[in-house]
Amino acid sequence: MMLSNQICRLLSYFIPDPLYAKLAFLKNHGWLPRWPHVTMNEYFCHLKSTGELAAYRRYADKSAVRGHVARKVGPQYLVPVHTVVRRLTPEIWNELPESFILKASHGSNWNRIVRNKNKEQYSSIFKQTNKWMKQNFYYRRRERQYKHITPNIIIEHLLNANDFNSVLDYKLFCFCEKVRFILVTTKDCSDGNYYDRNWNRLDIARGRGFVKDIHRPCNLDEMIEVAEALAEGFIFVRVDLYSIEKRVYFGELTFVPGGGDKRFRSLEFEKCAGRLLAGEDVELTRFHYRQKSAATASRLYQRWTEHARRTLNLQRITGLR
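The rules behind each value
- Residues numbered from 1 in each chain as written.
- Predicted model: local features only at pLDDT ≥ 70, side-chain atom pairs only at ≥ 80, totals over all residues.
- Heavy atoms only, no water.
- Salt bridge = Lys/Arg side-chain N within 4 Å of Asp/Glu carboxyl O.
- Helix = DSSP H or I, 4+ residues; strand = E, 2+ residues; numbered from the N terminus.
- Buried < 20%, exposed > 50% of the residue type's maximum accessible area, 1.4 Å probe, protein only.
- Contact = heavy atoms within 4.5 Å.
- Core = buried A, V, L, I, M, F, W, Y, C linked by side-chain atoms within 4.5 Å.

For the structure on display, the rule yields 18 salt bridges. Among the salt bridges present, the one from R142 reaches D17, with a minimum N-O distance of 2.8 Å. Pair noted here: R142 is in the loop between helix 8 (138-141) and strand 4 (153-156) and D17 is in helix 2 (residues 17-29), with a separation of 125 residues, a long-range link. D203 is paired through a salt bridge with R265; the nearest N and O atoms lie 3.2 Å apart. Of this pair, D203 sits in the loop between strand 8 (201-202) and helix 9 (220-230) while R265 sits in the loop between strand 10 (247-254) and helix 10 (267-277), placing them 62 residues apart in sequence.

Tracing the backbone through its elements, the reader meets N152 in the loop between helix 8 and strand 4. On the basis of relative accessibility, which here comes to 16%, the residue N152 falls in the buried class. Excluding residues within four positions of it along the chain, N152 makes contact with V84, V85, R86, K103, A104, S105, H106 and M133.

Another point: the environment of E95. Of note, E95 is situated in helix 6 (residues 90-95). Spatially, the C-alpha atom of E95 lies 9.6 Å from that of H82, the residues being 13 residues apart in sequence.

For the rest of this paragraph, the subject is the nonpolar core. Formed by 56 residues in total, the largest nonpolar core has its most connected members in L172, F175, F181, Y194, L253 and F255. With 6 residues, the top contributor of residues to this core is helix 9. For F255, the residues in contact, after removing those within four places along its chain, are F44, L53, Y56, Y59, F234, F236 and V237. Of all hydrophobic cores here, the second largest spans 19 residues; its members include V85, F100, F137 and I149.

Here's what the structure looks like:
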């Protein structure tokens, strides 16, 4: 099986982008993408097929995009950087502070958190960063914006170093320069909860998300303003932001969330997102999360206990228990 997977991965390098995008879409969604697109993921498949993503290279480059953010909304929204290097050396390592985060400029989710440098092994981190430098993220999902990015290691200040995994990541989905909905995640929970721009929770996620509701951030209006300024000129972009001690920080710009593989709870919502891409003013009210009433929960519990009782009796009668 392992050899088979390696052969498939090797063969995939020789498949042209349009065919690769369509086959990946078929595998993940169960049908071939249509054009004109009906769903948001079909639009992403089109971007990957045509090579239009190549024009977004400087925005996908985590080093180069900092200049764009500084010009559009101001340098105060950028996480401070200790240094940007091509290769992590012992000399650079020794000069770094106690805590920081390492990121690869040319990929997604290539990062390493260092909370206490004295408890880390330089050799382990060098091995990981050196591996990043040898890879081209484009071949992961054929997103052409990554193909010609110059590999660099960005070493940033670690926000909330004591508990970085609990820092909320606000992913603002912008359609035609306007924020339509927001995904809130952490490093520990990538599913998270969805909200509309007025902070009404949306029932659209396939995963479980957070059990508890997330409080509306006090600087939500500022985050929306920043996201929409950065979304200017794009049909779609997801703007990732952090909010630390009431300050907003820029994370990254994403043009194909999940490589176009991420599915929502219902096809109806995916079609609505497709209409948002076409510039339609679609209301998301019907997708609002509705908490089950206590009476409904009680009825569901009674049905479950009755089912469990009958199953147990059946097992005793048939001798299966």
